[in-house]
Number of protein chains: 4
Amino acid sequence: MANSKYEYVKSFEQPDLLLPNTWIVVRIDGRGFHKLSDRYGFIKPNDRRALDLMNAAAAEVMKELPDLCIAYGVSDEFSFAFHPSCQLFERRSAKLVTTIVSTFTGYYIYLWGTYFPDTPLQPGGLPSFDGRAVMYPNSRILRDYMSWRQVDCHINNLYNTTFWMMVLKGGMSNTDAEQELKGTISSDKNEILFKRFGINYNNEEDIYKKGSVIYRQYQLEDVKAGSSKEQEEEETTPLQAGIPSKSQQEKIRKLRRKAQVVVDHVDIIRDEFWDRRPWILSGKPGRLPAESK
Amino acid sequence: MANSKYEYVKSFEQPDLLLPNTWIVVRIDGRGFHKLSDRYGFIKPNDRRALDLMNAAAAEVMKELPDLCIAYGVSDEFSFAFHPSCQLFERRSAKLVTTIVSTFTGYYIYLWGTYFPDTPLQPGGLPSFDGRAVMYPNSRILRDYMSWRQVDCHINNLYNTTFWMMVLKGGMSNTDAEQELKGTISSDKNEILFKRFGINYNNEEDIYKKGSVIYRQYQLEDVKAGSSKEQEEEETTPLQAGIPSKSQQEKIRKLRRKAQVVVDHVDIIRDEFWDRRPWILSGKPGRLPAESK
Amino acid sequence: MANSKYEYVKSFEQPDLLLPNTWIVVRIDGRGFHKLSDRYGFIKPNDRRALDLMNAAAAEVMKELPDLCIAYGVSDEFSFAFHPSCQLFERRSAKLVTTIVSTFTGYYIYLWGTYFPDTPLQPGGLPSFDGRAVMYPNSRILRDYMSWRQVDCHINNLYNTTFWMMVLKGGMSNTDAEQELKGTISSDKNEILFKRFGINYNNEEDIYKKGSVIYRQYQLEDVKAGSSKEQEEEETTPLQAGIPSKSQQEKIRKLRRKAQVVVDHVDIIRDEFWDRRPWILSGKPGRLPAESK
Amino acid sequence: MANSKYEYVKSFEQPDLLLPNTWIVVRIDGRGFHKLSDRYGFIKPNDRRALDLMNAAAAEVMKELPDLCIAYGVSDEFSFAFHPSCQLFERRSAKLVTTIVSTFTGYYIYLWGTYFPDTPLQPGGLPSFDGRAVMYPNSRILRDYMSWRQVDCHINNLYNTTFWMMVLKGGMSNTDAEQELKGTISSDKNEILFKRFGINYNNEEDIYKKGSVIYRQYQLEDVKAGSSKEQEEEETTPLQAGIPSKSQQEKIRKLRRKAQVVVDHVDIIRDEFWDRRPWILSGKPGRLPAESK
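What you see is a predicted model, and the numbers here were worked out from it, not measured in a lab. (Residues numbered from 1 in each chain as written. Chains lettered and ligands numbered in written order. Predicted model: local features only at pLDDT ≥ 70, side-chain atom pairs only at ≥ 80, totals over all residues. Heavy atoms only, no water.)

A.B. asks: I'd love a proper account of the packing of helix H4 (residues 93–115) of chain A against helix H4 (residues 93–115) of chain B, names of residues and values included.
C.D. replies: For the pair H4 of chain A and H4 of chain B, the least separation of the axes is 8 Å and the interaxial angle reads 30°. As the angle between them shows, H4 of chain A and H4 of chain B are arranged roughly parallel. At the point where H4 of chain A passes H4 of chain B, the crossing takes the right-handed sense. On H4 of chain B, the residues touching Val97, Thr98, Val101, Ser102, Thr105, Gly106, Ile109 and Tyr110 of chain A of H4 of chain A are Val97, Thr98, Val101, Ser102, Thr105, Gly106, Ile109 and Tyr110 of chain B. (Axes fitted to C-alpha atoms, helices over the stretch in contact; angles between N-to-C directions. Helix = DSSP H or I, 4+ residues; strand = E, 2+ residues; numbered from the N terminus. Parallel < 35°, antiparallel > 145°, perpendicular 65-115°, else oblique. Left-handed = near helix turned anticlockwise from the far one by under 90°. Contact = heavy atoms within 4.5 Å.)

A.B. asks: Summarise the nonpolar core; cite the residues concerned and give the values.
C.D. replies: Judged by nonpolar contacts, the single largest core of 304 residues is most densely connected at Phe104 of chain A, Phe80 and Phe104 of chain B, Phe80 and Phe104 of chain C together with Phe80 and Phe104 of chain D. Not counting residues up to four positions away in its chain, the partners in contact with phenylalanine 80 of chain B are Ile24, Val25, Val26, Ile28, Ala58, Val61, Met62, Leu68, Ile70, Ala71, Ile100 and Phe104 of chain B. (Core = buried A, V, L, I, M, F, W, Y, C linked by side-chain atoms within 4.5 Å. Buried < 20%, exposed > 50% of the residue type's maximum accessible area, 1.4 Å probe, protein only.)

A.B. asks: With reference to specific residues and values, describe the pattern of salt bridges.
C.D. replies: Within this structure, the stated rule accounts for 84 salt bridges over all chains. Measuring nitrogen to oxygen at the nearest pair gives 2.6 Å for the salt bridge that ties aspartate 47 of chain A to arginine 49 of chain A. Note on arginine 49 of chain A: relative accessible area 28%, which makes it partly exposed. Where glutamate 180 of chain D meets arginine 196 of chain D, a salt bridge forms, and the shortest distance between an N and an O atom there is 2.2 Å. Taken as a pair, glutamate 180 of chain D in helix H6 (residues 174–181) and arginine 196 of chain D in helix H7 (residues 186–197) lie far apart in primary sequence, 16 residues in all. A relative accessible area of 32% means that glutamate 180 of chain D is categorised as partly exposed. Arginine 196 of chain D gets classed as partly exposed once you look at its relative accessible area, which sits at 44%. By sharing partners, the salt bridges in this structure join Glu13 and Lys95 of chain A together with Arg27, Asp29, Asp130 and Arg132 of chain B into a single network. (Salt bridge = Lys/Arg side-chain N within 4 Å of Asp/Glu carboxyl O.)

A.B. asks: I'd like to hear about the relation of the copies chain A and chain B, residue by residue, with values.
C.D. replies: Least-squares fitting of chain A to chain B yields an RMSD of 0.0 Å, with the transformation described by 0.0 Å of translation along the axis and a rotation of 180°. Here the two chains are linked by the operation of a two-fold rotation axis. The residues that chain A uses at the interface reappear at the interface of chain B in 100% of cases, marking a shared surface. (Least-squares fit on C-alpha atoms with pLDDT ≥ 70 in both.)

A.B. asks: Can you lay out the environment of proline 123 of chain A for me, pointing to particular residues and giving the numbers?
C.D. replies: Structurally, proline 123 of chain A is set in the loop between H4 and strand S4 (129–136). When residues no more than four places from it in sequence are discounted, the contact partners of proline 123 of chain A are Tyr107 and Tyr110 of chain B.

A.B. asks: Explain the sheet that holds strand S4 (residues 129–136) of chain D to me, and be specific about the residues and the numbers.
C.D. replies: Residue and element names in this part refer to chain D. Taking strand neighbours across the sheet as the criterion, the six strands line up as S4-S1-S3-S2-S5-S6 in an open arrangement whose pairing is antiparallel. Each end of this open sheet is capped by a strand with a single partner; those strands are S4 and strand S6 (260–264). Averaged over all neighbouring strand pairs, the angle between strand axes comes to 20°, with direction disregarded. When strand S5 (residues 212–217) meets S6, the two strands line up antiparallel, connected through five bridges. Its bridge partner lying in S6, arginine 216 is registered against valine 261. (Pairing = 2+ DSSP bridges.)

A.B. asks: Could you give an account of the environment of isoleucine 70 of chain B, naming the residues involved and the relevant values?
C.D. replies: All names here are of chain B. By the secondary structure assignment, isoleucine 70 is in strand S2 (residues 68–74). Note on isoleucine 70: relative accessible area 0%, which makes it buried. The residues touching isoleucine 70, leaving out its near neighbours within four places in the chain, are Met62, Ser79, Phe80, Ala81, Met146, Val213, Ile214, Phe273, Trp274 and Ile280.

A.B. asks: How would you sum up the packing of aromatic side chains? Please name residues and give values.
C.D. replies: Residues and elements named next belong to chain B. Throughout the structure, instances matching the rule amount to 88 aromatic pairs over all chains. Taking the centre distance of 5.4 Å and the plane angle of 80° together, the rings of tyrosine 215 and phenylalanine 273 count as edge-to-face. Taken together, the residues span a long stretch of sequence, with tyrosine 215 in strand S5 (residues 212–217) and phenylalanine 273 in helix H11 (residues 271–276) at a distance of 58 residues. Across this residue pair, the class does not change: tyrosine 215 and phenylalanine 273 are buried. With a centroid separation of 5.1 Å and an interplanar angle of 75°, the aromatic rings of tyrosine 218 and tryptophan 279 are classed as edge-to-face. Placement of the pair is tyrosine 218 in the loop between S5 and helix H9 (227–236) and tryptophan 279 in helix H12 (residues 278–282), with a sequence separation of 61 residues. (Phe/Tyr/Trp six-rings, centres within 6.5 Å; stacked < 30°, edge-to-face > 60°.)

A.B. asks: Now, about the UniProt feature "domain: tRNAHis guanylyltransferase catalytic" (unreviewed entry) in chain A: what can you tell me, with residues and values included?
C.D. replies: Residues annotated by UniProt as "domain: tRNAHis guanylyltransferase catalytic" (unreviewed entry) correspond here to residues 6–137 of chain A. Measuring from the first to the last C-alpha atom of residues 6–137 of chain A gives 40 Å, for a span that is 37% helix and 22% strand. (UniProt positions renumbered as here; feature names shortened; annotations may be inferred.)

A.B. asks: How would you sum up the interface of chain A and chain B? Please name residues and give values.
C.D. replies: Tallying the contact residues gives 54 residues for chain A and 54 residues for chain B. In this assembly, chain A and chain B are joined by four salt bridges. Put simply, aspartate 130 of chain A and lysine 95 of chain B hold a salt bridge, and the shortest N to O gap is 2.7 Å. Between the two partners, chain A and chain B, sit 20 residue pairs in polar contact (both at pLDDT 80 or more). Going through the elements one at a time, helix H1 (4–7), H4, S4 and helix H5 (139–169) of chain A are the ones with two or more residues in the side of chain A that touches chain B. In terms of residues, the side of chain A that touches chain B owes the most to one element, H4 of chain A, which gives 13 residues. Tallied by class, the residues present in the side of chain A that touches chain B amount to 27 nonpolar, 16 polar and 11 charged. (Polar contact = N/O pair within 3.5 Å; in protein donor to acceptor, adjacent residues only side chain to side chain. Nonpolar A, V, L, I, M, F, W, Y, C, P; charged D, E, K, R; others polar.)

A.B. asks: Break down the sheet that holds strand S5 (residues 212–217) of chain C for me, citing the residues and quoting the values.
C.D. replies: Residue and element names in this part refer to chain C. Read across the sheet, six strands follow the order S4-S1-S3-S2-S5-S6 without closing on themselves; strand pairing throughout is antiparallel. Strands with a single pairing partner mark the edges of an open sheet, and in this sheet they are strand S4 (129–136) and strand S6 (260–264). Direction aside, the axes of adjacent strands within the sheet are offset by 20° on average.

A.B. asks: Pulling in residues and values, what's your account of the side chain of arginine 27 of chain C?
C.D. replies: Counting through the fold element by element, arginine 27 of chain C comes out in strand S1 (residues 23–30). Reaching out from arginine 27 of chain C, the side chain makes a polar contact with the side chain of tyrosine 145 of chain C at a distance of 3.1 Å. Other than its neighbours up to four places away in sequence, arginine 27 of chain C contacts Glu77, Phe78, Ser79, Asp130, Gly131, Arg132, Tyr145 and Trp148 of chain C together with Glu13 of chain D.

Here it is, written out as structure tokens:
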């Protein structure tokens, strides 16, 4: 029995290949996490368990998809970046995005009990995430994207820290705190924190102030003047030599699986982070720590 | 501290609105389920627990997203259909697809223990799903899509049932069974099943032969001659009257939430299924069973 | 000498196939025609020569592309519609749009001298047109699109006729006329025309009031009650039978080339136009007038 | 009279913005130029009049669209490149492509008589062009695209020159010439040309061997070692500084209009062409020749 009579419906599927040789960032966001954080009693302004769970799920995504170069997370969002040379799933947008969303969601649910042992998940209130893919034509813009997220992390965390101090410690209503903070700049909030609550914002934990960056660990490079130049050259190497064959891809994936996936809370806006870890932007595996001797 | 310096990166996000007034089908597929079914010891050719888990997860997706009209599942795949009038997430493709994939994955992992109480999930081997959205311009083609999946279900199940009988009961090697089945038609396979194993394929369970269709239950309509005509008229009603406002959408969602979500294993190729449940293609809630008196 | 070293750049071309089984409307617009109409002294509010030139160019497009079902033009714009079953250029959007834009532009320039014998084209001021393709999922919406353009024609022409009468005959400044017309409705403008200038708008020429519709002429059908029903059925015919093969397409094209392309100035909002010319929405050639005896 | 009833059809228009900060190449191709070259008696293998007409039309396109950086043409095709910083028409693909196709077609038809004074255009056989836009993420790939077209020019011209010599001078049939050339490499064809017809291919005219490159003329730069490095830096400058405002765009357009548009027949594969004309890849106007004193 043939299926040809109805098979024409396949012709309605439209291709969604992302442009070759561009960075692909898949950003996922928690759906309705405001309500969800209430339901499961997340601590304000930051629930360490919730962030650790996000990071654990993201690290598993990095391990399952060696094509990923770097991930950056803050609050209930995470951004995953594929290198311009990435050929995974022929760069089909929906396939890349849904694989990340599904893998992330799976681990988030599976690992929930590890981080919230006393707060079981409730049917009807399961966490879920949506996602989308965005292309960035070169490393400069990819870095600007990452900087954008980290600046956002800083702005939001300073606000939230101050707001919740005013409410939880200062006894203000949500509305009053909101009202007072309207129009304030960073130094105002720093002053409120310090003068009213004796808090030096600089001493807050880095995971809250800087978010979480996840990448594969190789031997760090010494920072040399002009080293960022080398990365740029990389990017402008004639491409025809740069599209790896299927077997080359598989080989690179194997190499990458060997590297440890680490979670860090550091500045990713300045050059230093990138200069010392050139493998992130080059897409080429570095030297494993063991090899360094 | 403003974030304006890097905010330009937002301009790289490209819109992905699906064409108005078309059916949207989101099909999700298990990733690497061949390997996964080995890992967790799925029974061949059909593991009832695995199918029930798929259906349970899909039913939860239907409940969480009242905009969905119907879903059809077979094996490790499920298709979810949004009505042409659907305005959910402004019809953004990535948002619709990832929400379904994430919600489905979440429930699949969460409910796993209910259906596989003796086979705990293993980290490094979590089930995951990918997905994509396809547009179908009218109900005729949407039905052809559904028929395509159900015919596929039949073809695959007849093959698999025969193949695994030959291997498990007939003691043949996979290769030999495959070889013998090459080029056979339905009647050949029916004969093998009957003559060698005393199996009348017609008596196999409907969930295996017909797959699973999930929809909201209202009072069934009597089939009248020409009733399918009415549905067509529906579709050609001037559209300007047909795009519901935000509050109308919310009202319809509420109505839909009241209906029971049922899982059925019936023929969806012939007209009868659709004629008796006109609310599926019309997108308008029917009468609740309780209202029928 | 092989060209393989650079051929990888071809992989950056992205597919742009329009969704199957939807109407495709290519609308083209004159670029900077306000300035252009000054440069070449177009008569206000309507220059019959300019409209006739538009129609002549559009008719040539219809003749060169037998896949087109209908075209509707007003002022410096023209909309061309391909039937849902159209397979021309594999439904590649850019190819369809540019072919129409280029063919139209070519004839517009080539035929200019016929309609403006005393006003030669000037280099640096050549007319040009841009265009885009839009998909409409069914005939109801295609007709609403056409109605939208014809209503627009009416609104603009009534305004322009009144405005230019006030300026050219009434001696008002552009600004004063604009000011007085602000906020007026149709009946106000009709009254101004009649009371001040003795003009009954209904007696204006149809080409100005109704725009121009271009189609292939077959024998008109008698309007029967319910005949529009038949067209709807057409549209919901199972599609698999509906995608014509290459040779069928060529055969249909030949048939269509035999029909005369006519330019009409009639109401295309009401059913009558479409009911009497069922071949436009069905995409199937009608009976040629000669065959009618 | 409002038009709101039908205005919903506008919602079917889908955005087609090209990715920011990428090169945009619009390539146009003659439609059916094989047949057309027969109809109008184009000289084989190269008709100088036809190429000059192509170049004249392309130069007018360059003049009308100062946002264009460079164009390259061969045979009946032309490629036009917009700089990554280009904001013309908000980077809408259809608008960019159709504007170029229409402007080019217009001038091609308008200027026809200048280049073919004795061969008037025939209705029913007007030249027309189709086109498409392709994005290239960086200058390296843009140059590879240009190299690809120039290598293609070389390959085709060597073949055509040899083929037509064999047919026109050597008295061979088309089929015999084709047969003999099958599988030959460049040196074979060079030898046939030299031994049989006394032609040194190197002495053929550059317009045939190298195609035509069109750009704005500024003062040439001296080639310094490493100068290409500077261009790369350009490209990786933080982008937020790089998106010009509307008024900046207009200012740059004015500057560009002052430069002379020149048609050249030179090697564009090697660095020299680009190093000496850094304004092409940088998108920033150079010094006008007059300013050089």
